[in-house]
Amino acid sequence: MKKIILLLILSIFIFALVHSALALETEIITENFESGTENWVLEDGWTVVEKDGEPVLSGNKHSFASFVGANGVVQRLEAKISLITGGMHLNIRENTGEGRSRYFVGLGEGHSYIQKEQTMNFQELTTSNEGISLNEWHEIKIEIIETRIDVYLDGKLLLSAQDQAMLTAGSISFETLE
C-alpha cells in the first residue's frame, strides 16, 4: 500500500541578504499563496488547496516545491507546517544546477536531522530523536548564522549544527518523502 504524505504550509517567510553596490540589504519575502504560485516551481504532487478558508501549499509523494523568487543568500526560513503522515525535508541554500548542493532539515514523527548534500555526497551534520507531532500546525524556523545552522520548532531550539565549509548561496524548497 502506498504511503501518502501531505504537507500544508500556511505562510513562508524567507530572509535573504542581497548584495548591492552600496551596501548589504536584507530582503524579506512573504508568501501566503493568496496570489498563486508564480514564484514557485511545483513538481507533480504539489498544489495549492484551501484549508479552513486559507490557501495552503499541499504536497504528496516524493516531490519538490521550489521557490524561485529570491535573489541573494537565504539566511532564514520560517514556515507553518502540518505533517499528516511520513516525513519531509526543508531545503535551504539549495542549488539544483550541475551537482546539486543544499542543506536539508529532515522532519518526521520522532526524528529530525540536518544533512548537507554536495554532488550526491551526503554529510550528516546532526540528528535527534525529537521530531514533530502529526496533524498539528507547527512553526518551523531555520536560521543560518556564519557557520551555524539552527532549527527551531514552535520557538524551541530543536537542532543546531556547525559547518566550517558553509554553502554560500541558493534558494529554498520543500520536499515530501514517500
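Being a predicted model, the structure only gives us computed values, none of them experimental. (Residues numbered from 1 in each chain as written. Predicted model: local features only at pLDDT ≥ 70, side-chain atom pairs only at ≥ 80, totals over all residues. Heavy atoms only, no water.)

K.L.:
How do you make sense of the pairing of strand β11 (residues 121-128) when you look at a structure like this?
P.N.:
Side-chain direction in a regular strand flips from residue to residue, so the side chains alternate between the two faces of the sheet. Sheet topology note: the strand β10 (residues 111-118)/β11 ladder contains seven bridges and is antiparallel. Bridge pairing in β11 links Glu 117 to Phe 122. Hairpin geometry of β10 and β11 is characterised by an intervening segment of two residues between the two adjacent antiparallel strands and by a positive phi of about 45° at Thr 119. (Pairing = 2+ DSSP bridges. Helix = DSSP H or I, 4+ residues; strand = E, 2+ residues; numbered from the N terminus.)

K.L.:
I'm lost on the nonpolar core in this one. Help?
P.N.:
One broad trend across soluble globular proteins is that nonpolar side chains are buried collectively. Grouped together as the largest cluster of nonpolar side chains are 33 residues, with contacts concentrated most on Leu 90, Leu 107, Ile 142 and Phe 174. Within the residue set of this core, elements represented by two or more residues are β6 (63-67), β7 (73-83), β8 (87-95), β9 (101-108), β12 (138-145), β13 (148-153), β14 (156-162) and β15 (171-177). Among the elements that make up this core, the one with the highest residue count is β7 (five residues). (Core = buried A, V, L, I, M, F, W, Y, C linked by side-chain atoms within 4.5 Å. Buried < 20%, exposed > 50% of the residue type's maximum accessible area, 1.4 Å probe, protein only.)

K.L.:
Even after reading the chapter, I still don't get a negative patch on the surface, so can you show me in this structure?
P.N.:
Negative charge collects at one region of the surface, where Glu 34, Glu 50, Asp 52 and Glu 54 lie side by side. Take Glu 34: it is sitting in the loop between β2 (24-31) and β3 (40-42). (Patch = residues over 30% accessible without salt bridge, like charges linked within 9 Å, V, L, I, M, F, W, Y side chains within 5 Å. Areas by Shrake-Rupley, 256 points an atom, 1.4 Å probe, with all protein chains shown as cover. Salt bridge = Lys/Arg side-chain N within 4 Å of Asp/Glu carboxyl O. Lys, Arg positive; Asp, Glu negative; His and termini not counted. Charge placed at Lys NZ, Arg CZ, Asp CG, Glu CD.)

K.L.:
Whenever I open this one, the sheet that holds β15 confuses me. Can you help?
P.N.:
Paired through their backbone hydrogen bonds, the strands of a sheet run either parallel or antiparallel. Judged by pairing direction, the sheet is antiparallel, and its seven strands sit side by side in the order β3-β6-β15-β8-β9-β10-β11 without closing on themselves. For this open sheet the edge positions go to β3 and β11, each flanked by a neighbour on one side alone. In this sheet, neighbouring strand axes are inclined to one another by 20° on average, regardless of whether the strands run parallel or antiparallel. Pairing analysis gives seven bridges linking β8 to β15, with the strands arranged antiparallel. Within β15, the position partnered with Asn 91 by the bridge is Ser 173. (Axes fitted to C-alpha atoms, helices over the stretch in contact; angles between N-to-C directions.)

K.L.:
Would you take a moment to explain the confidence of the model for the protein chain for this structure?
P.N.:
Close inspection of predicted coordinates is inappropriate for parts of the model with low pLDDT. Confidence in the prediction for the protein chain averages 83 pLDDT; 81% of positions are at 70 or higher. Mean pLDDT across the elements of the protein chain bottoms out in strand β1 (residues 7-19) (50) and peaks in β14 (98). (pLDDT = per-residue confidence, 0-100.)

K.L.:
Could you clarify how one ought to interpret the packing of aromatic side chains in this entry?
P.N.:
Given two aromatic rings, one states the distance between the centres and the angle between the planes to describe the pair. On inspection of all chains with the given rule, the structure shows five aromatic pairs. Ring centres of Trp 40 and Phe 67 lie 5.1 Å apart, and the angle between their planes is 65°; on these two criteria the pair is classed as edge-to-face. Here Trp 40, found in strand β3, pairs with Phe 67, found in strand β6; they are 27 residues apart in sequence, far enough to count as distant. Phe 67 shares its class with Trp 40; the two are buried. The residue whose ring lies beneath Arg 102 is Phe 104, and the NZ or CZ to ring-centre distance is 4.3 Å. Lying across the ring of Tyr 152, Lys 141 places its NZ or CZ 4.9 Å from the centre. (Phe/Tyr/Trp six-rings, centres within 6.5 Å; stacked < 30°, edge-to-face > 60°. Lys NZ or Arg CZ within 6 Å of the ring centre and 35° of its normal.)

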